[in-house]
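Here are the chains, one letter per residue:
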Amino acid sequence: MQDKDLERLPEHFGMVSRRDFLKVCAVVTASLGLPMAAAVKIAEAVASPQRPPVIWLSGQECTGCTETLLRATHPTVESLILDLISLDYHETLSAAAGYQVEEAKRKSIEANRGKFILVVEGAIPTKDGGVYCMIGGKPMLDLVRETAPLAAAIIGIGSCASWGGIPSAAPNPTGAVGAQEALGDKFKVINIPGCPPNPYNFLSTVLYLLTFKKVPDLDAQGRPRFAYRRLIHEGCERRAHFDAGRFALEFGDEGHRRGWCLYKLGCKGPETFNNCPALLFGDVGARSWPVGTGCPCFGCSEKGVGFTAPIVAQASLERFTPAGMPYKTGEGQRVGGGALRLTPPASYPPITPPEGHGPSAATVGLAAGLAGAALGAGAVAAMKIGRQEGKTDDKAGED
Amino acid sequence: MGLSRRDFLKVSATGGLLAASALSPVPVLAREPRERLPEAVGILYDATVCIGCKACMAACKEYNNLPPDHSTPDSIWDNPLDLSAKTYNIVKLYTNGTGQFKDQETNGYSFIRRFCMHCVDPACVSACPVSAMTKDHDTGAVVYNKDACIGCRYCQVACPYNIPKFQWDQAFPQIKKCQLCSHRLAQGNYPACCEFCPNGASIFGNVQDLLKEAKRRLALTPGQTATYPLHRVDSQDRRERLVTPYQNYIYGKTDGGGTQVLILSGVPYEKLGLPTLPGESTAATSETLMHSLYKGMIAPYVVLGGLFYIVYKNTTKQDLP
């Protein structure tokens, strides 16, 4: 990016200073796990005037995912989000309402056919034709189904949109499902689960789409690997207490006050994939995430764990991910594990301990040479002794 | 020397007869195999439950005051490669092929925790010439007395599991091995490895109860949920978990005369580095052999007589003073 472009940034972003703008770009780059040079690329992509619009559809949700984006305490980050991603339709944030905003949405979708990013927040009820969530007289299910084919990319933000979340919890009276399930296999939804998800996971995904014009590496559940590759248990600041068997046994006991592992209080860190311990929440520094504050993780982002498993139930510990889930980059190059320097050396010793290799050829040669020399010297010495003895005997005979 | 050949033979024959008559004519009996002590305590390690967290290793080091053991040049982690004088307890990993599936022999992996098996009839105790290795009369733990030890390391050679380790780097070396946390048992606690195992892979208890628990687990149907006790076999702290297939064998029930540490696994035991041992303990075998050879000192006397005869026959007048 040219310097003069950067100088123009404050005008372009209204209240945002150039410094703040670059800071946010750097944070996003870091959470994506990209080299810092990519921050410039992202800044370029964001500063370019052709920012694709975002259509934000809200289904069965609590607006928590919107709130998480707005409540980020980076300076004026809400303005950044609004400016970064040209939010054309959002039921909570739009100044307009009613027919006016529905009309604006229709216009934006038509004008940006195949270019806009569709963000789905909240679960989608499917029972009884989806009548349990109506927007502008239409069921959410129909809205999503008719908007999805026109979008460049679909992002499901939050657990509800990713896999159903709270609305889908048993007995699931409205037949709530996530965006992927509602849309079927024809569409690939990028899921950012969490309740709420970390705003930077969402922001990073959007900026990755803008910058590289492709979908980030996703896992089997459609979650970007950069954020959901590791178990919370693996990055947890209390992991050492788990490994040493130091557990808080009830809230407020000595172990709990001393910051020991919360596993026995029902922490679901060992079965939840997320980057909470690394990114933290609210930009207020260390320990600003559930486990950091002494509250066991309840697995909000993991299907089958959050809102499903009892809070006090102990998590399954059967997962074996000492080096994280396998992670392949576009070039087929393996990143993570050793590259991230998080894998302990020789995690587990093998059944048969490695033995030192035998002596080298040079050592054997040298030893053989020395032994040969010693043998030769011994033989020569013995011969001499024999000769001398013989002589002595002869002399004795003469005497 | 005035001893004629005739006299020598007379003397040796009388000696042999005397020796033979002085002892019972009953044929030599094998040494009775030792039975499990009724109050014996032990550990049941279930490899299918183990998650390889190494909490037992960390707890073992802490409660036995053991220093870290390094196997990498940077010496950052405590990462022993095998049992040593600094490591009484180690979690090892078996992998095969892609190593994807837990507790499967092919393309799978399994953890295995190795530490003293606390044999019912320990070879180290049998081999120790000074009774530095002893088996506790109540708990059955195989314990070591450093003040009696002469450092011969017979116990190391005798142990079929290669457990006792020698402090090669010490001026006054000792034998180091798991002693079933005897110091903690004396205080009314139980072994640290079981207390700190978060998943119930290692549980402590009376060996009879542990055997019952192991049999119960082998009878479970894989794929169904079952309750597994944590820490102690009689613990009220229990967990539900999905049963995974077991090898239909309790390692340590009879192996090498039986052990107080029992192991369950989903992978064949020999793959996990556990030796295939006969039902009779090596201690019983070697002591039977020894007692037969030295029974009443007959065989040694006969050999000695033979040696005397050979020497006598080859002795000439010049050799005598």
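For every chain, the first residue of its written sequence is number 1, and the numbers climb from 1 along that sequence. Ligands are numbered from 1 and chains lettered from A, in the order in which they are written. Side-chain atom pairs in this predicted model are given and counted only at pLDDT of 80 or more, local residue features only at pLDDT of at least 70, and totals for whole chains, interfaces and linings cover all residues.

Caption draft 1: A look at the overall build of chain A. The helix and strand tally for chain A stands at 16 helices and nine strands. With C-beta atoms placed from the backbone, a residue counts as buried when 20 or more other C-beta atoms lie within 10 Å of its own, as exposed when 12 or fewer do, and as partly exposed for counts between those limits. A burial count over chain A gives 40% of its 399 residues as buried. A separation threshold of at least 6 residues defines the contact pool for chain A, and within that pool the share at least 24 residues apart is 70%. Helical segments are the DSSP runs of H or I of at least four residues, strand segments are the runs of E of at least two, and each set is numbered from the N terminus. Residues are scored as being in contact if the C-beta atoms we place from backbone atoms lie within 7 Å.

Caption draft 2: View of the overall build of chain B. Secondary structure assignment for chain B yields nine helices and twelve strands. Of all 321 residues assigned to chain B, the portion counted as buried reaches 39%. Sequence-distant contacts, at least 24 apart, represent 62% of the contacts inside chain B between residues at least 6 apart.

Caption draft 3: Quick peek at unusual backbone geometry. With omega at 5°, the peptide bond leading from A170(A) into P171(A) counts as cis. Among the secondary structure elements, P171(A) is positioned in the loop between helix 8 (158–163) and strand 8 (176–177). For the peptide bond that leads from C195(A) to P196(A), omega is -5°, which places it in the cis range. Looking at the element boundaries, P196(A) is found in the loop between strand 9 (189–192) and helix 10 (199–212). Within the chain, N162(B) stands out as a residue other than glycine whose phi angle is a positive 60°. In this structure, N162(B) sits in the loop between helix 4 (154–158) and strand 7 (165–166). Residue N162(B) is classed as partly exposed on the basis of its 14 C-beta neighbours within 10 Å.

Caption draft 4: Representation of the interface of chain A and chain B in the model. Contact with chain A, which involves 19 residues of that partner, is made by 27 residues of chain B. Its residues assigned to classes, the side of chain A that touches chain B shows 14 nonpolar, three polar and two charged. Think of it as three bins: nonpolar holds Ala, Val, Leu, Ile, Met, Phe, Trp, Tyr, Cys and Pro, charged holds Asp, Glu, Lys and Arg, and polar takes everything else, Gly as well.

Caption draft 5: Geometry of the sheet that holds strand 12 (residues 261–264) of chain B. Residues and elements named next belong to chain B. The mixed open sheet is built from three strands, whose spatial order is 9-1-12. In this open sheet, the two edge strands, each paired with only one partner strand, are strand 9 (202–206) and strand 12. The average angle at which neighbouring strand axes cross in this sheet is 20°, direction not considered. In this description, a line fitted to the C-alpha atoms serves as the axis of each element, helices being fitted only across the stretch in contact, and the angle between N-to-C directions of two axes falls anywhere from 0 to 180 degrees. Of the strands in this sheet, strand 1 (41–46), strand 9 and strand 12 touch helix 7 (residues 207–219), which is tilted by about 20° from strand 1. Here, any two strands with at least 2 DSSP bridges between them count as paired.

Caption draft 6: Quick look at the pairing of strand 9 of chain A. Residues and elements named next belong to chain A. Residues of strand 9 alternate between two faces, with V189 and N191 on one and I190 and I192 on the opposite face, all of them buried. Bridge count for strand 7 (residues 153–157) against strand 9 is four bridges, and the pairing is parallel. Among the inter-strand pairings, G156 is bridged to a residue of strand 9, identified as N191.

Caption draft 7: Up close: the confidence of the model for chain B. The predictor attaches a confidence to each residue, and that confidence, scored 0 to 100, is pLDDT. Across chain B, the average pLDDT comes to 88, with 91% of residues at 70 or higher. Both confidence scores are given for the complex: pTM 0.65, ipTM 0.75.

Caption draft 8: Region of interest: the environment of E195(B). Residues and elements named next belong to chain B. Its place among the elements puts E195 in helix 6 (residues 192–196). A count of 20 C-beta atoms within 10 Å places E195 in the buried class. Note: C-alpha distance between E195 and C56 (139 residues apart in sequence) is 8.3 Å.

Caption draft 9: Region of the structure containing the sheet that holds strand 2 (residues 87–90) of chain A. Residue and element names in this part refer to chain A. Ordered by their spatial adjacency, five strands build an open sheet running 2-1-3-7-9, and the pairing between neighbours is parallel. Taken across any chain shown, the strands that pair with only one partner, and hence form the sheet edges, are strand 2 and strand 9. Between one strand and the next, the sheet's axes are offset by a mean angle of 20°, whatever the strand orientation. Across the sheet, helix 10 touches strand 3 (117–121), strand 7 and strand 9, and the angle it forms with strand 9 is around 150°.

Caption draft 10: The environment of Y228(B), seen in detail. All names here are of chain B. Along the polypeptide, Y228 turns up in strand 10 (residues 225–229). By the C-beta count within 10 Å, which is 22 here, Y228 ends up buried. Separated by eleven residues in the primary sequence, Y228 and R217 place their C-alpha atoms 8.7 Å from one another. In this structure Y228 touches V49, G200, R238, R239 and R241, once residues within four positions along its chain are discounted.

Caption draft 11: Focus on helix 7 (residues 140–147) of chain A. Residues and elements named next belong to chain A. Along helix 7, the positions that sit buried rather than exposed are M140, L141, L143 and V144. The buried residues of helix 7 occupy one face: seen down the axis, they fall within an arc of 165°. Looking at the buried residues of helix 7, the elements they touch are strand 1 (54–58), strand 3, strand 4 (124–125), strand 5 (134–135), strand 6 (138–139) and helix 9 (179–183). It is the directions from the helix axis to the C-beta atoms whose arc is reported.

Caption draft 12: Highlighting the environment of L279(A). Tracing the backbone shows L279(A) in helix 15 (residues 276–279). The spatial distance from the C-alpha of L279(A) to the C-alpha of N201(A) is 8.9 Å, given a sequence separation of 78 residues.

Caption draft 13: How the structure looks around helix 10 of chain A. All names here are of chain A. Here the expected span of a helix is defined as 1.5 Å times the quantity of residues minus one. Between its terminal C-alpha atoms helix 10 stretches 20 Å, which fits the 20 Å expected from 14 residues at 1.5 Å a residue. Where burial is concerned, most of helix 10 is hidden: 13 out of the 14 residues are buried. One or two positions beyond helix 10, positive phi appears at K213, with a value near 55°.

Caption draft 14: Spatial organisation of the nonpolar core. Residue and element names in this part refer to chain A. Within the largest apolar cluster, 147 residues are counted, with the highest numbers of intra-cluster contacts made by I117 and V144. For this core, the element with the most residues is helix 10, which contributes eight residues. Once you skip the residues sitting within four places of it in the chain, I117 turns out to touch P52, V54, A151, A152, A153, I155, V206 and L209. The next biggest cluster of nonpolar side chains, apart from the first, holds five residues, and it includes F21, V24, C25 and A39. Residues of type Ala, Val, Leu, Ile, Met, Phe, Trp, Tyr and Cys that are buried and joined through C-beta atoms within 7 Å form what is called a nonpolar core.

Caption draft 15: Local environment of the confidence of the model for chain A. With 76% of its residues at a pLDDT of 70 or more, chain A shows a mean pLDDT of 79. When the elements of chain A are averaged for pLDDT, helix 1 (residues 3–12) of chain A gives the smallest value, 49, and strand 9 of chain A the largest, 95.

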